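Structural overview for review
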Amino acid sequence: MPTSTSRLLLLLPTTTYRTEAFVDAASKLGVELVCASERPSALQELAPEALVTLDFRDPVASAETVARFARRRPIDAVVAVDDLTTVVAAAISERLGLKANSLSAARAARDKHTMRRCLASAGVPVPRFRLVKLAGDPGALAEGVEYPCVLKPLMLSASRGVIRANDAREFVTAFRRITAILEDAVSAPADEVRQALLVEEFIPGREVALEGLLVGGTLHVLALFDKPDPLDGPFFEETLYVTPSRLPETGQDRIAAVTRDACSALGLTEGPIHAELRINERGPFVLEVAARSIGGLCARTLRFGTGLSLEELILCHALGRPLESLERERRSAGVMMIPIPRAGRLTAVRGIEEAAAVDAIEEVAITMHPGQAVVPLPEGWQYLGFIFARGETPAAVEEALREAHTRLHFDIE
Ligand code: ADP
């Protein structure tokens, strides 16, 4: 079949930041897109062949709906965008007989407890962990825990609900706070994941994110990002990502090796992965491996070969097209996920031009709009915006991002 007629199903949660990037990639590659979302689009009646509504919480029903659709309009590949759609993508791919991660692998990577069990039993270094029921008495549970620890929900993302506790009192407060977050979280898929949380050993050390692409079970490291800001809690707000990593090469090799082992242990074989690891004198520890690419707008930091975007790579791989190059460009690049200074309502953003004028800064993208409620972690999950930089060295990129950030002012009432 000529490549120009490929049709690809993109699973786009309504909360995603990445619609534009994937739609652009598809149009550059001449791929026909069918977009699925969990809420009917106002445009669906106008474009019934290009838009589908799926209940992402129900992978089996979603696979049936797509199978019916595909009888009329065959689908060549399925791509999950963000954590919310990785399992349903695997279910649809399985139903359509497409090469993709198995449903069990996607499920294992999506549930933090299953992931921990799977990795630990394969000998992949992970924090010590235990599952605790939300129905339990937090005061009693707190007695049996080693401190410092980290409490986290089983299935949220973007560090939402992830809280460090240094003693029993903080444990009880964190436990109650996560319970309230889970009661509120409409996107938490199944009931069972609302009924328990994970308590883990706090792993000190430097944190990195590994962006990779699995092709036929082989992991290709696309980029390793340092996170130069300390992430010591009590909440874990992501700020700076800078690539290439400044860790010694041996450390980077160990991180890649452990991530490979983690992918095999989970059974992930195809498509993008985004892994978070911590490294200290005991070696690297896997915090998570997600079967999706980097979130927010952060993929804008990455360019490959002759200028391909991460989204173009992902679509090419999904369609089985030859991958021109998986080499990231030579220059350093970075992003700052702009930290949320406090809760309130955003009234204005000042200093955007001044921030964009800093040497090496490529773009300042403000993604919240005036009037919008600003909710910090651990409850919030939306970003104020992103600052992007490219330069000769990681240090120059980091400095530019920090300088640009000092020039931005958010008026929050
Ligand atoms: P999410 O999937 O919501 O991002 P993670 O489990 O990846 O949740 O945790 C978010 C962040 O919290 C991590 O990137 C890390 O900074 C911190 N964190 C999570 N678990 C631990 C741990 N056991 N030890 C130290 N830090 C942790």
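1. Description of the overall build of the protein
Helix and strand counts for the protein stand at eleven helices and 19 strands. Its C-alpha atoms give the protein a radius of gyration of 21 Å, within 12% of the compact-globule value 22 Å for 413 residues. On the principal axes, the C-alpha backbone points of the protein span a range of 60 × 50 × 50 Å. Expressed as a percentage of its 413 residues, the buried residues of the protein come to 54%.

2. Quick look at the state of the cysteines
Taken as a whole and judged by the stated rule, the model has zero disulfides. Summary of cysteine pairing: Cys118 is not part of a disulfide, and the nearest cysteine sulfur, belonging to Cys263, is at 11 Å. Cys118 sits in the partly exposed class, given a relative accessible area of 21%. This cysteine, Cys298, is not joined by any disulfide, and Cys263 carries the nearest cysteine sulfur, 20 Å off. Residue classification places Cys298 among the buried residues on the basis of a relative accessible area of 2%.

3. Notes on the domain arrangement of the protein
In terms of domains, the protein is made up of domain 1 (7-101), domain 2 (128-201) and domain 3 (332-413). Each of domain 2 and domain 3 has a C-alpha centre, and these two points are 30 Å apart. In this assembly, seven residues from domain 2 lie in contact with six residues from domain 3. In total, about 550 Å² of surface goes out of reach between domain 2 and domain 3, with carbon and sulfur atoms giving 58% of it. Together, Ala158, Arg160 and Arg177 form the three largest contributors to the area buried by domain 2 at its contact with domain 3, with a combined 67%.

4. Remarks on empty space enclosed by the protein
Counted by the stated rule, this structure contains two cavities of 30 Å³ or more. Approximately 140 Å³ is the volume attributed to the largest cavity. In this structure, the largest cavity is lined by 16 residues; those nearest its centre are Ala158, Glu237, Leu377, Gln382 and Tyr383. Split into classes, the residues belonging to the lining of the largest cavity amount to eleven nonpolar, three polar and two charged. Quantified by volume, the second largest cavity comes out at close to 100 Å³.

5. Things to note about the sheet that holds strand β19 (residues 409-412)
Taken in spatial order, the three strands make up an open sheet running β17-β15-β19, and their pairing is antiparallel. The open sheet has two edge strands, β17 (373-374) and β19, and neither has a second partner. Looking at chain direction, strand β15 (residues 344-350) and β17 are connected through two bridges and run antiparallel. The partner of Gly344 across the bridge, within β17, is Val374.

6. Let's talk about the packing of aromatic side chains
Applying the stated criterion to the full structure yields six aromatic pairs. Centre to centre, the rings of Phe386 and Phe388 are 6.3 Å apart; their planes meet at 20°, and the pair counts as stacked. The exposure class assigned to Phe388 is buried, which follows from its relative accessible area of 2%. Each residue in the set Tyr17, Tyr383, Phe386 and Phe388 is aromatic and connected to the rest through ring pairs, giving one cluster.

7. Details of unusual backbone geometry
Here the amide bond leading from Tyr147 into Pro148 is cis, since omega sits at -5°, within 30 degrees of zero. Structurally, Pro148 can be placed in the loop between α6 (138-143) and β6 (149-153). Here the bond from Gly233 into Pro234 is cis, since omega is 5°, no more than 30 degrees from zero. Counting through the fold element by element, Pro234 comes out in the loop between β10 (218-226) and β11 (240-243). One non-glycine residue with positive phi stands out, namely Ala158, at about 60°. Take Ala158: it is sitting in the loop between β6 and β7 (163-165). We classify Ala158 as partly exposed; its relative accessible area is 36%. Residue Ala360 is not a glycine yet carries a positive backbone phi of 80°. Inspection of the secondary structure puts Ala360 in the loop between α10 (352-356) and β16 (361-366). Exposure remark for Ala360: the relative accessible area of 27% places this residue in the partly exposed category.

8. As for the sheet that holds β7
Taken in spatial order, the four strands make up an open sheet running β5-β8-β6-β7, and their pairing is antiparallel. Taken across any chain shown, the strands that pair with only one partner, and hence form the sheet edges, are β5 (129-133) and β7. Taking each pair of neighbouring strands and ignoring which way they run, the sheet shows an average axis angle of 30°. For β6 and β7, the ladder comprises three bridges, and the chain directions are antiparallel. By the bridge assignment for β7, Leu151 is matched with Ile163.

9. A look at the side chain of Arg292
Relative to the helices and strands, Arg292 resides in the loop between β13 (283-290) and α9 (310-318). We classify Arg292 as buried; its relative accessible area is 9%. The contact partners of Arg292, leaving out residues within four places of it in the chain, are Asp82, Asp83, Thr86, Pro272, Ile273 and His274.

Definitions and cut-offs
- Residues numbered from 1 in each chain as written.
- Predicted model: local features only at pLDDT ≥ 70, side-chain atom pairs only at ≥ 80, totals over all residues.
- Heavy atoms only, no water.
- Helix = DSSP H or I, 4+ residues; strand = E, 2+ residues; numbered from the N terminus.
- Rg over C-alpha atoms; globule rule 2.2 N^0.38 Å.
- Buried < 20%, exposed > 50% of the residue type's maximum accessible area, 1.4 Å probe, protein only.
- Disulfide = S-S within 2.5 Å.
- Domains from an automatic or database assignment.
- Contact = heavy atoms within 4.5 Å.
- Buried area = accessible area lost by both parts, 1.4 Å probe.
- 1 Å grid on protein atoms, 1.4 Å probe; cavity = no way out; pocket = protein on both sides within 12 Å on 5 of 7 lines; lining within 4 Å.
- Points joined across faces, edges and corners; volume = space filled by probe spheres on them.
- Nonpolar A, V, L, I, M, F, W, Y, C, P; charged D, E, K, R; others polar.
- Pairing = 2+ DSSP bridges.
- Phe/Tyr/Trp six-rings, centres within 6.5 Å; stacked < 30°, edge-to-face > 60°.
- Axes fitted to C-alpha atoms, helices over the stretch in contact; angles between N-to-C directions.

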